[in-house]
Each structure stands twice: as C-alpha cells, then as structure tokens.
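# Structural overview
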Amino acid sequence: QVQLVESGGGLVQAGGSLKLSCAASRNIVSANGMAWYRQASGKQREWVATITKSGWTSYVDAVKGRFTISRDNAKNTVYLRMNSLKPEDTAVYYCKWDGSTLDYWGQGTQVTVSS
C-alpha cells in the first residue's frame, strides 16, 4: 500500500505560477514512474506529465514548455512546477504511482486559474 499526499494547489491569476508536491509513503525509486493527472469539472481525467524511474520525462502537448515534473528521491516527493498558467489549466491535480502490479492515486489538489 502506498499513500500519496498532494499539496501546493490554490488560486492564481493567469500568467502566474504554482508548484505542486506529491509526498509518498514509500521510496519512490521503487515505482516504475510517477505521474500527474488533472480533471476539470465535467471532464474526464487526463494525463499531464510523467517522470520514469530513470528520470525520463514526458508531457501532454498542452503543457509543454510551461510545466516541469521533477523528483527528490531523498524526500520521496515528486513535484510539478507550473508556469504561465492559463484558465484552462483549472482542475483538480492528482499524483499517481505507477507500480509493477498496482497503481496508487493521491486525493488531489485544486488549482484554479482566474482570467
């Protein structure tokens, strides 16, 4: 069992920045990868970014060049730095642990970008 706790969400104006954190209860190097997803009101949850065990990163096109996923293995924490935020980035952001047999999700943190 893995617990994931997201933090760092909030209300920000368009063009602003936020940094989300996801603290894991287990050593994140044991995961195949860590990812961020988001779900806007009335929409399906969508993948945002991934960082693999080896450190390779990937992003959905909508956030490329604006968001950066990173990890601190010593703190068992994954981050999502979000710059140049847009109103369409408004959503609940979830952290995901990609395991070999099971995946785990955090409870989410709300990000609201005002225009």
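Read on for an overview of the structure.

How each quantity is defined
- Residues numbered from 1 in each chain as written.
- Predicted model: local features only at pLDDT ≥ 70, side-chain atom pairs only at ≥ 80, totals over all residues.
- Heavy atoms only, no water.
- Phe/Tyr/Trp six-rings, centres within 6.5 Å; stacked < 30°, edge-to-face > 60°.
- Helix = DSSP H or I, 4+ residues; strand = E, 2+ residues; numbered from the N terminus.
- Buried < 20%, exposed > 50% of the residue type's maximum accessible area, 1.4 Å probe, protein only.
- Lys NZ or Arg CZ within 6 Å of the ring centre and 35° of its normal.
- Salt bridge = Lys/Arg side-chain N within 4 Å of Asp/Glu carboxyl O.
- Disulfide = S-S within 2.5 Å.

## Quick notes on the packing of aromatic side chains
Enumeration according to the criterion identifies two aromatic pairs in this entry. Taking 4.9 Å as the distance between ring centres and 65 degrees as the angle between the ring planes, the aromatic pair formed by Tyr37 and Trp105 counts as edge-to-face. Placement of the pair is Tyr37 in strand 4 (residues 33-39) and Trp105 in strand 10 (residues 103-105), with a sequence separation of 68 residues. A relative accessible area of 17% places Tyr37 in the buried class. Judged by relative accessible area, which is 35%, Trp105 ranks as partly exposed. Summarising the aromatic geometry, the rings of Tyr94 and Trp105 are spaced 6.5 Å apart at their centres and angled 85 degrees between planes, so their arrangement reads as edge-to-face. Here Tyr94, found in strand 9 (residues 91-98), pairs with Trp105, found in strand 10; they are eleven residues apart in sequence, far enough to count as distant. Exposure remark for Tyr94: the relative accessible area of 13% places this residue in the buried category. Taken together, Tyr37, Tyr94 and Trp105 form an aromatic cluster joined through their ring pairs. The residue whose ring lies beneath Lys19 is Tyr79, and the NZ or CZ to ring-centre distance is 4.5 Å.

## What about the pattern of salt bridges?
Tallied over the entire structure, the rule returns six salt bridges. Between Glu46 and Arg38 there is a salt bridge, with its nearest N and O atoms 2.6 Å apart. Since its relative accessible area comes to 6%, Arg38 is described here as buried. Between Asp89 and Arg66 there is a salt bridge, with its nearest N and O atoms 2.8 Å apart. With Asp89 in the loop between strand 8 (77-82) and strand 9 and Arg66 in the loop between strand 6 (57-59) and strand 7 (67-72), this residue pair connects regions lying 23 residues apart in the sequence. Judged by relative accessible area, which is 1%, Asp89 ranks as buried. The class of Arg66 is buried, set by a relative accessible area of 11%.

## Some points on the state of the cysteines
A full pass over the atoms with the stated rule returns one disulfide. Across the disulfide, Cys22 is cross-linked to Cys95 (sulfur-sulfur distance 2.1 Å). When the S-S torsion is -80 degrees, as for the bridge of Cys22 with Cys95, the disulfide is left-handed. Taken as a pair, Cys22 in strand 3 (residues 18-24) and Cys95 in strand 9 lie far apart in primary sequence, 73 residues in all. For Cys95, a relative accessible area of 0% corresponds to the buried category.

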